[in-house]
Amino acid sequence: MPLCEMEPPTFALSSGHHPPHHRPVLCETVVELLAPQSGRVFVDCTLGLGGHALSLLPRLTPGRLIGLDADPHALDVARARLVEFAPHVHFVHANFRELPQVLSSLGVERVQGVLADLGMSSFQVEAPERGFSFLREGPLDMRMDPTQPRTAAEIVARWPERDLADLLANCGEERWARRIARRIAETRRRAPIRTTTDLAQLIAETVPGGGRGMRIHPATRTFQALRMAVNDEASSLDELLRVLPDVLAPGGRAAIITFHSLEDRAVKRAFQQGRRDGQYHLLTRKPMRPSEQELAENPRSRSAKVRAVERLA
Ligand SMILES: C[S@@+](CC[C@H](N)C(=O)[O-])C[C@H]1O[C@@H](n2cnc3c(N)ncnc32)[C@H](O)[C@@H]1O
């Protein structure tokens, strides 16, 4: 059996338009690191479209996979895609910061594997109505969980200029944070900033040279920072890292895939602290990255890094 199915899913979906797709990143590496075995109980904290799950499940059954996602739409797609494994999967609409409560509601004390593949799926980014992409016109939403009240529009419309600047600097590592925040504050006094493309254009007009010559789109860092604030991403990750040692059974393994330096730093620190405290053995001294082949096949994987640990007894 190949470690990972590399073709994106192409089944029809309920909402019309394009079939949802998301190619799982670092999939073979994750399967090797987590070493799933028959009869084990694993958690996929970020089930998404079930790409990684599809590679873990044949190795776990008759064990179980507990799949969490904050996005109920992603769970619907995963449910359809993993239908042949349905008796072995729990689909749970929850933030992974609630992992201990989810496990206790299922009567599970500890698990042998935990995966978190942070950030968004291509399926979310490419849906204009979700507001994640500065390339597609849509409302400034950016909620992974649409049942949560706070949207990016609210932050852009209401946060004081200084808080906006701090957010862009701290969560976006945006060099032009103060300038962009000032421009947002000036613009919204005249008229509300309504769409993703309005905001992206405003940023392009604000950074020197319109962002020409930059490696990334000038709005990338602002959008990252807003998304992190909307979804409270840093504190969700910190909470997951805090509870992880209690959730993993001795010999159990965890792998976390990150997409930017703030996330990777948090994971690195927590894993190293766990090693010093005698809780973890590091399975990756340095983060593992996609191969040249994966980078060529899936450009979205370019900033991915995975770190993994094993829980000591
Ligand atoms: C990169 S995708 C995962 C893709 C998945 N591994 C696959 O192969 O299809 C990340 C998913 O995690 C979800 N997510 C992000 N942060 C979350 C959180 N704190 N709690 C639960 N789900 C989260 C997003 O809604 C998204 O569906």
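Residues numbered from 1 in each chain as written. Predicted model: local features only at pLDDT ≥ 70, side-chain atom pairs only at ≥ 80, totals over all residues.

Q: Could you give me a rundown of helix H3 (residues 72-81), with the residues and numbers involved?
A: The set of residues buried in H3 consists of Ala-74, Leu-75, Val-77 and Ala-78. Seen from one end, H3 has its buried residues packed into an arc of 165°, which puts them on one side. Buried residues along H3 sit against helix H2 (51-60), strand S2 (64-69), strand S3 (89-93) and helix H5 (122-125). (Buried ≥ 20, exposed ≤ 12 C-beta atoms within 10 Å, placed from the backbone. Helix = DSSP H or I, 4+ residues; strand = E, 2+ residues; numbered from the N terminus. Arc of directions from axis to C-beta. Contact = placed C-beta atoms within 7 Å.)

Q: Talk me through the nonpolar core; I want residue IDs and the actual numbers.
A: Membership of the largest hydrophobic core comes to 56 residues, with the highest contact counts inside it found for Val-30, Cys-45, Val-114, Ala-255 and Val-306. Not counting chain neighbours up to four residues away, the residues in contact with Cys-45 comprise Leu-68, Phe-96, Leu-99, Val-114, Leu-115, Ala-116 and Leu-240. Grouped together as the second largest cluster of nonpolar side chains are 31 residues, Met-144, Ala-153, Leu-226 and Val-230 included. (Core = buried A, V, L, I, M, F, W, Y, C linked by C-beta atoms within 7 Å.)

Q: So what's going on with the domain arrangement of the chain? Residues and values would help.
A: It is common to give the size of an interface as the accessible area that goes away when the parts come together. Assigned domains of the chain: these are domain 1 (27-123 + 233-311) and domain 2 (149-230). On a C-alpha basis, the centres of domain 1 and domain 2 stand 31 Å from each other. (Domains from an automatic or database assignment.)

Q: Describe in detail the pairing of strand S1 (residues 41-44), supporting the description with residues and values.
A: Of the two faces of S1, the one holding Val-41 and Val-43 and the one holding Phe-42 and Asp-44 are both buried throughout. When S1 meets S2, the two strands line up parallel, connected through four bridges. Counted as the bridge partner of Val-43 is Ile-66 from S2. Where the polypeptide runs from S1 across H2 and back to S2, its parallel neighbour, the crossover connection is right-handed. One ladder, built from three bridges, connects S1 with strand S4 (residues 111-117); its direction is parallel. Looking across to S4, one finds that Asp-44 is bridged to Leu-115. (Pairing = 2+ DSSP bridges. Right-handed = clockwise from strand over helix to strand, strands pointing away.)

Q: Describe the pairing of strand S7 (residues 305-311), with residues and values.
A: Of all the seven residues making up S7, six are buried; the element is thus mostly covered by neighbouring parts of the structure. In this structure, strand S5 (residues 248-258) lies alongside S7, joined through six bridges in antiparallel fashion. Note on S7: the bridge partner recorded for Arg-253 is Glu-310. Of the strand pairs in this sheet, strand S6 (residues 280-282) and S7 are connected by three bridges, and their pairing is antiparallel. Within S7, the residue paired with His-281 across the bridge is Glu-310.

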